[in-house]
Every structure is written in C-alpha cells, then in structure tokens.
Amino acid sequence: MKIVDIKATKVEYPRVKQKTPPREADPYEGKIASGSPMAQSLGGRYFHKDKWVQGGQSGNGRDVGCIVTCEDGSWGFGFSERGRITASIIEDYIAPNLIGRDIFESEKLYDMMNRIMAPVGANSFASRAISAVDLAIWDLKGKLLEKPVYEIMGGSVTESLPLYASSNNTEWLLELGFKNFKKFAAWGPRDSIGGINKIEDEIAEARELVGYDSELMLDCWLSMDVETVVRISEQLKPYRLKWIEDALLSESITQYEILRNRIPHQTIATGEHWYTVHPFFHAASKGLVDILQPDITWVGGLTAVIRIVHIAEAAGIDVILHGGGGSVFGQHASYGLTGIPMIECSGPVITAIGVPLHEKDRFPGTPVPDNGKLIPSDAPGFGFEIKREWFPDFFS
Ligand SMILES: [Mg+2]
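Residues numbered from 1 in each chain as written. Predicted model: local features only at pLDDT ≥ 70, side-chain atom pairs only at ≥ 80, totals over all residues. Heavy atoms only, no water.

Q: For helix H10 (residues 278-286), give the residues involved together with the corresponding values.
A: For H10, the full list of buried residues reads Phe280, Ala283 and Ala284. The buried residues of H10 occupy an angular sector of 95° when projected down its axis, which confines them to one face. Residues of H10 that are exposed and point over 90 degrees away from its buried face: His278, Phe281 and Lys286. Within two residues after H10, Gly287 carries a phi angle of roughly 65°, on the positive side. (Buried < 20%, exposed > 50% of the residue type's maximum accessible area, 1.4 Å probe, protein only. Helix = DSSP H or I, 4+ residues; strand = E, 2+ residues; numbered from the N terminus. Arc of directions from axis to C-beta.)

Set out below in structure tokens:
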C-alpha cells in the first residue's frame, strides 16, 4: 500500500470540557523545579509575564500533528511538538523522500528518516519530526490490518501495568487512587544546604503519607550539579527512593559517569531529553544509568522505542517511558514490550484538585486511569477517535 501524502498539521480537535470546578487552589502550583534548566541560569526564579515564576520552560512551540495518507485514502495520525521547526522538517526533508514508499516497510522508513537527517543531526527537532511521522505510520499500519498497534507489535505482554503519578501534591494523587508517586525538586544548587534540607522535608513528609508499600521518586529536571545531587542522594537514603531522575543536564554524559562513581548505590533514571537510540546505547553499555526514560513523541517514535527497549533488556536495565500514560502511543508501547515495567501519569493525565481524571483534556480516544488501571484501547491503530478535518495543513 503506497504512501501518497505526508503532511504536518495543526491540531484542532474539540477540547474535553471540564465540568467540575477545582475544589481548592493547588498550593504546589508553579513550584515544579527551581529546579529547571532556565531557573539555574537566571538565579532560581525569574520574572516572566508580569510575575515571578520558579522554573519554567525555555520556549514551547505548539503541537504538531502528522497525517500520513495511503493510495486508498486511508490515513494515520502521529504528533509531536515544537511548532514550525518540527513541521518544516516533516514537510521539507521527510515527506519528499518517503512519499511513494510502502506503508508496511516501517523499519526501512525509520532508517531512511534517520539517514535523511544525519548530515544536519537526527536529534532534537529532527527527532520530533521523525517521531510524528513514525507514529502516524504505525497508526495507519494498525488501521489497515484492523488491529491495535500493541497487537501488531506481537501482542500485549501483560494484563495490567503498575502506574506512577508525577506531581508535588501527593495528597491529591492518593485521593485519585495512585499507588506510586514522583515529586519534583523545587530547590537547586543555588539554594545551598537550606534547599537540600527543604527537599528532604518534602520527601520525608511524602514517605510518611504513602508508607513503604508505595514507590517514591524524585525528579530534578536537569537542574542539579554533581555535588548537590550526591548530597541529596546521601541525605535521602532513609526514605528509600526508587530513583533520582534527570539530575544533570542531558548532554552532560561525562557528569553522569562521575555521578555514577560518586553514588554507586543510587538508582539513576534519565533519557527524556535524549534523541535517537545512540545515547541510550552508550548509557546502557557503560552502566551509567539504571532506568531509561525515552519520550515516544520526541525520541523517534515507536520504532526508536522498540530498539531502545531491546538494548535495555540486553543490558539488564528497565525502560519507563517519559509521560507514557498520557498518550495512546506510550500506552500501546508500554503494553507491547516486555522491558517496560511501569507507566508514568504526569501533567497530561493529572487534574486540578477535586476534578475527575476523565475531565482532563486529551486527544479523543485516549484512555484515562480507572481504579488505578490504565488499559490501552483495542480499536485499530492507536485507537484515536478523530476526524481528518480536525487537522488542517500546518502552513495553510
Ligand atoms: Mg522527568
């Protein structure tokens, strides 16, 4: 079945309406990571849009959809983000080379996309473009075969995967029925010993709340230096963290080597900002980290994730997808691969205090956690319930 069109698109589906007003203001709002790459260069907090904020992103760019269409008019949908740059890579580099190829040669198409981008670098924005196209190809393969994607990957490997929830409001996450929890460090190296002590206070309080039959993790969102994370790790030993995440800037692979040598006892997780399979192979083969966390909409799509999970399994380490519970892509990949033991439910899943999870805005057809379980749709492809007209050309 020949591909006749590949388009970067806007994303204009009807939003899910939140009927329930929040019960109260979230005391943790805006407190994720002072504790963020931007905050570290700007002194822990900075002035943005008329107010002081902690942390912050370094420019977001809107969602980018991708529609791949075949000669019979059937189409598949994938998405990534970061706006015009990602969209232009899809249209200018990838589409002209893939149109005319067979939709079922997805392994070859993924290889082609990486090699098309290799002269300028297949990472970052290029990797996001590759992700959107690869995911649309998998969606369409499933639709044409009339099977869910996890089925054409080889079948679901488990009945139900454990979930963990990421937010600093542990009380609300408990009320929502989650059993495992990740908190974000709200202080960084510029906050010195006082910041480390505050992180300890918050982790101690959370451990007291959830007990020792739940997993508890700490995410540092690229914000620490080696010395600070060594001290945090030593100080938090009594609270039995399952892992410390994204302690250091993602490119600083040498720092990860040094960190591993300084705190060999500590389970270290990272990888949401690594692109292509190569950094994952390096980290796995050198034993630098224990849990790999690729994002399926950033790293190169499902084909990249399959390769990373196989590398991890050979190295004896786990993969837990970044935000895997928040998209149909992450849900199918997590149920279709044996090397993924948990699913993360983060910002795209968690609601404001008092608001039920099914009122969270999401792509139509995306399952939400129900009674502590999150089961992928068994509809063909990734199970989206979407209409073609919701995705007009990105550059129209
Ligand atoms: Mg993270």
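Q: So what about the sheet that holds strand E13 (residues 343-345)? Which residues, and what values?
A: Strands sit in the order E12-E11-E10-E9-E8-E7-E6-E13 across an open sheet of eight strands; the sheet is parallel. Strand pairing shows two members of the sheet lacking a second neighbour, strand E12 (318-319) and E13, which therefore form its edges. (Pairing = 2+ DSSP bridges.)

Q: I'd love a proper account of the coordination of the magnesium ion, names of residues and values included.
A: Taken together, the protein ligands of the magnesium ion are Asp219 (OD), Glu245 (OE) and Glu272 (OE), with distances of 2.0 to 2.4 Å. For the magnesium ion, the single-chain donor residues occur in sequence as D-x25-E-x26-E. With Asp219 in strand E8 (residues 216-219) and Glu272 in the loop between strand E10 (268-270) and H10, this pair connects stretches of sequence that are 53 residues apart. Taking the relative accessible area as the measure of exposure, Asp219 reaches 4% and is therefore buried. (Donors = N, O, S within 2.8 Å, 3.2 Å for Na, K, Ca; no water.)

Q: Quick one: what's the story with unusual backbone geometry, residue by residue and with numbers?
A: Note: most peptide bonds trans; most residues except glycine with negative phi. For Arg82, which is not a glycine, the phi torsion comes out positive at approximately 75°. Checked against the element boundaries, Arg82 lands in the loop between strand E5 (75-80) and helix H2 (83-98). Non-glycine residue Leu222 carries a positive phi angle of around 65°. Assignment of secondary structure puts Leu222 in the loop between E8 and helix H8 (226-235). Take Leu222: its relative accessible area is 9%, and that puts it in the buried class.

Q: Now, about the environment of Asp134: what can you tell me, with residues and values included?
A: Note on placement: Asp134 falls in helix H4 (residues 125-145). Among the residues examined, Asp134 registers a relative accessible area of 1% and is labelled buried. The spatial distance from the C-alpha of Asp134 to the C-alpha of Thr303 is 7.1 Å, given a sequence separation of 169 residues. Those residues in contact with Asp134 that lie beyond four places of it in its chain are Tyr110, Met113, Gly300, Gly301, Leu302 and Thr303. (Contact = heavy atoms within 4.5 Å.)

Q: Outline the pairing of strand E7 (residues 181-184), listing residues and values.
A: Residues Phe181 and Lys183 of E7 are buried on one face, and the alternating residues Lys182 and Phe184, pointing to the opposite face, are buried as well. For the crossover from strand E6 (residues 163-166) across helix H6 (residues 170-175) to E7, the handedness is right-handed. Bridge analysis of E7 against E8 gives four bridges, and the strand direction is parallel. Across the sheet, Lys183 pairs through a bridge with Leu218, a residue of E8. Handedness of the E7-helix H7 (residues 192-210)-E8 crossover: right-handed. (Right-handed = clockwise from strand over helix to strand, strands pointing away.)

Q: I'd like a description of the packing of H8 against helix H9 (residues 253-262), backed by residues and values.
A: The interhelical angle for the contact between H8 and H9, taken along N-to-C directions, is 30°, at an axis separation of 10 Å. One finds that H8 runs roughly parallel with respect to H9. In this structure, H8 crosses over H9, and the sense of that crossing is right-handed. In contact with Val226, Glu227, Val229 and Val230 of H8, H9 contributes Gln255, Ile258, Leu259 and Arg262. (Axes fitted to C-alpha atoms, helices over the stretch in contact; angles between N-to-C directions. Parallel < 35°, antiparallel > 145°, perpendicular 65-115°, else oblique. Left-handed = near helix turned anticlockwise from the far one by under 90°.)

Q: Account for H9, with residues named and values stated.
A: Along H9, the positions that sit buried rather than exposed are Tyr256, Leu259 and Arg260. Seen along its axis, H9 keeps its buried residues to an arc of 100°; they face one direction. Those residues of H9 hidden inside the fold are in contact with H8 and E10.

Q: Hey, could you go over the packing of aromatic side chains for me, with residue numbers and the actual values?
A: Applying the stated criterion to the full structure yields 14 aromatic pairs. Taking the centre distance of 4.8 Å and the plane angle of 35° together, the rings of Tyr13 and Phe363 count as tilted. Placement of the pair is Tyr13 in the loop between strand E1 (3-9) and helix H1 (37-41) and Phe363 in the segment after E13, with a sequence separation of 350 residues. The exposure class assigned to Phe363 is buried, which follows from its relative accessible area of 8%. A connected cluster of aromatic rings, assembled from ring pairs, spans Tyr13, Phe77, Phe79, Phe329, Phe363, Phe382, Phe384 and Phe391. When the ring centre of Trp75 is taken as origin, the NZ or CZ atom of Lys143, which lies over that ring, is 3.9 Å away. (Phe/Tyr/Trp six-rings, centres within 6.5 Å; stacked < 30°, edge-to-face > 60°. Lys NZ or Arg CZ within 6 Å of the ring centre and 35° of its normal.)

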